[in-house]
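Residue strings, one per chain:
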Amino acid sequence: MSKHVLAQNQYGKAENRIVKVTRKGSDGSWHEIRDLNVSVALRGEFRDVHLTGDNANCLPTDTTKNTVYAFGKEHGIASPEAFGILLAKHFVSSQSPIREAQIRIEEYAWERIPVPTRKEQHSFVRKGQEVRTAQITYSETTGLQVISGLKDLTVMNSTNSEFHGYIKDKYTTLKEAYDRILATKVTARWAHSVLAADDAFDWDQSYKKVRKNMLEAFAETYSYSLQQTLNQMAERVLDNCPRVNEVRLNLPNKHHFLVDLEPFGLKNDNEVYFAADRMYGLIEGTIHRDGVQPVIATSDWIVA
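Fair warning: this is a prediction, and the values are worked out from it, not measured in the lab.

**Re helix α2 (residues 61–75)**
Here comes step 1: Taking 1.5 Å as the rise per residue, α2 with 15 residues should run 21 Å; its terminal C-alpha atoms sit 21 Å apart, in good agreement.
Here comes step 2: Taken residue by residue, α2 has T64, T67, V68, F71 and G72 as its buried positions.
Here comes step 3: Buried residues along α2 sit against β1 (16–24), β2 (30–44) and α3 (80–94).
Here comes step 4: Where α2 terminates, the next one or two residues include G76, which has phi positive at roughly 70°.

Here's what the structure looks like:
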């Protein structure tokens, strides 16, 4: 008898890049762009595939890739979440060995380059801000779970931030700060309530609203620690977005150190800083509504 047990396993096609052009207007001259990176993971009755090489229950990863592109044509891409829901439900409902499907999506945003001299609008410039993310998991037993998010959203407050009163021991060299730069590169994920699964739910508008509340909280919080700012950002989202149940934030502290200008006979009155890219403090946390069971993994699948 074998002493080994096959535990959690999944497979699928990762990082399928799909760019969908939607042509609008009577002559199709108005274009809209959705640029996604879609990863598919399937879970189910795959024991024999691993143990004996019997592929009877194995849907080829090449088929999952083809499905992504075919669905882009057949259904369009209303939003990363809506597209992921369609894919996840399709894989589970169309193949009996597949019990659960998880779709992870990154969206790369483009903005239009206006050209006043022509009617056609089909020129775009890649936005330099954050990458939108979505993770959709669907199974017949547990139903639908949607986790939206973003990464690489870099923000800064040039004042209204302090850090002092912390523990000090014989290894502490950090000086207390009463006026400092606070900067971070936000990775955020938020889990939606079951009500958000309504077909009429506007995922794009929801994303904009969550992003807006996070940024407003960052800007308006007089910060005594990045941990405090994290909490304020998450609570602002929960207070203003009723279909969001849980927020997890990953905030690396992008340190800015005052440069010593005294050797040059100059006083540095919080004006000149050295921006360090590493090492950095990493502040992470999950805030959820009372009575809600957290579902967002504490280990990040998003690679910065």
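**What about the environment of G84?**
Here comes step 1: Among the structural elements, G84 can be located in helix α3.
Here comes step 2: Residues G84 and M279 lie 195 residues apart in sequence; the distance between their C-alpha atoms is 36 Å.

**Some details on the layout of surface pockets**
Here comes step 1: Roughly 830 Å³ of volume is contained in the largest pocket.
Here comes step 2: Around the largest pocket, the lining comprises 28 residues; the ones closest to its centre are L174, K175, A177, H256 and F257.
Here comes step 3: Contributions of two or more residues to the lining of the largest pocket are made by α5 (226–240), β10 (256–258) and β12 (281–288).
Here comes step 4: Of all the elements, β10 adds the most residues to the lining of the largest pocket, at three residues.
Here comes step 5: Elements with a contribution of two residues or more to the lining of the second largest pocket: β1, β2, β4 (110–112) and α4 (203–220).

**Observations concerning α4**
Here comes step 1: The first and last C-alpha atoms of α4 sit 26 Å apart over 18 residues, in line with the 26 Å expected at 1.5 Å per residue.
Here comes step 2: Listed as buried for α4 are W203, D204, S206, Y207, V210, N213, M214, A217 and F218.
Here comes step 3: Measuring from the side-chain oxygen of the N-cap residue of α4 to the backbone nitrogen of D204 gives 3.2 Å; that N-cap residue is D202.

**Digging into the sheet that holds β1**
Here comes step 1: As summarised here, the arrangement of the eight strands in space is β1-β2-β3-β6-β7-β8-β9-β12, forming an open sheet in which the pairing is antiparallel. Each edge of the open sheet is held by one strand with a lone partner, namely β1 and β12. Pairs of neighbouring strands in the sheet enclose a mean axial angle of 20°, with direction left out of account.
Here comes step 2: Set on the sheet, α2 makes contact with β1 and β2; between it and β1 the angle comes to about 10°.
Here comes step 3: Packing against the sheet, α5 makes contact with β8 (182–192), β9 (244–253) and β12, and its axis sits at approximately 155° to β9.

What counts, and at which threshold
Residues numbered from 1 in each chain as written. Predicted model: local features only at pLDDT ≥ 70, side-chain atom pairs only at ≥ 80, totals over all residues. Heavy atoms only, no water. Helix = DSSP H or I, 4+ residues; strand = E, 2+ residues; numbered from the N terminus. Expected span 1.5 Å × (residues − 1). Buried < 20%, exposed > 50% of the residue type's maximum accessible area, 1.4 Å probe, protein only. Contact = heavy atoms within 4.5 Å. 1 Å grid on protein atoms, 1.4 Å probe; cavity = no way out; pocket = protein on both sides within 12 Å on 5 of 7 lines; lining within 4 Å. Points joined across faces, edges and corners; volume = space filled by probe spheres on them. Polar contact = N/O pair within 3.5 Å; in protein donor to acceptor, adjacent residues only side chain to side chain. Pairing = 2+ DSSP bridges. Axes fitted to C-alpha atoms, helices over the stretch in contact; angles between N-to-C directions.

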